[in-house]
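Chain residues, written in single-letter form:
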Amino acid sequence: MGFKSRAKKKQKDASDAKGPSNDIKEEYSGEVRCDVADCENWADKKIGGRKLAFDRAADVWGEDGLLGNSRRVTVCKSCYREWKKAKKDDPSEWG
Ligand SMILES: [Zn+2]
């Protein structure tokens, strides 16, 4: 417990000192961000990103859970997998 609160404080101090957006992952630098609000992955086509109709994506993440408001959203590979899994439980999609 103590560790957790200490880590949180440390994180806050660091962002106070350096400002936000300093902890971007360096391993891959893509061009397209995943449109799922709480996801920070890249969604470039070459690394498995997929485009979904906004409405179909909103069925899983909700409109508030998606960034942007175009008719199509781009999701990363893992979000697409999550979406597919969620849709599997929804027989209405498979009619
Ligand atoms: Zn994602």
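Refer to the structure printed above.
Please read all numbers here as calculations on a predicted model, not as lab measurements.

Novice: Any chance you could break down the overall build of the chain for me, citing the residues and the numbers?
Specialist: Each helix and strand in the chain was counted, giving 3 helices and 2 strands. In the chain, the succession of helices and strands from N to C terminus is α-β-α-β-α. Of all 95 residues assigned to the chain, the portion counted as buried reaches 18%. Of the contacts made within the chain by residues no fewer than 6 positions apart, 52% connect residues no fewer than 24 positions apart.

Novice: So what's going on with the nonpolar core? Residues and values would help.
Specialist: Residues Cys34, Val36, Ala57, Val75, Cys76 and Cys79 are the most contacted members of the largest nonpolar core, which totals 13 residues. Counting only elements with at least two residues in this core, the list comes to helix H2 (54–61), strand E2 (72–75) and helix H3 (77–88). The contact partners of Val75, leaving out residues within four places of it in the chain, are Cys34, Asp35, Val36, Ala43, Gly49, Arg50, Leu52, Ala57, Tyr80 and Trp83.

Novice: An account of the environment of Val73 is requested, with residue identities and associated values reported.
Specialist: Here Val73 lies in strand E2. Distance from Val73 to Arg33, taken between C-alpha atoms, is 9.9 Å for residues 40 residues apart in sequence. When neighbours within four sequence positions are excluded, Val73 is seen to be in contact with Asp35, Leu52, Phe54, Ala57, Leu66 and Gly68.

Novice: Explain the environment of Ala57 to me, and be specific about the residues and the numbers.
Specialist: Summarising the element assignment, Ala57 is placed in helix H2. With 22 residues separating them along the chain, Ala57 and Asp35 place their C-alpha atoms 9.7 Å apart. In contact with Ala57, not counting residues within four places along its chain, are Leu52, Leu66, Val73, Val75 and Trp83.

Novice: Hey, could you go over the environment of Asp55 for me, with residue numbers and the actual values?
Specialist: Within the secondary structure layout, Asp55 lies in helix H2. Remark: the alpha-carbon pair of Asp55 and Arg72, spanning 17 residues in sequence, is separated by 8.2 Å.

Rules used throughout
Residues numbered from 1 in each chain as written. Predicted model: local features only at pLDDT ≥ 70, side-chain atom pairs only at ≥ 80, totals over all residues. Helix = DSSP H or I, 4+ residues; strand = E, 2+ residues; numbered from the N terminus. Buried ≥ 20, exposed ≤ 12 C-beta atoms within 10 Å, placed from the backbone. Contact = placed C-beta atoms within 7 Å. Core = buried A, V, L, I, M, F, W, Y, C linked by C-beta atoms within 7 Å.

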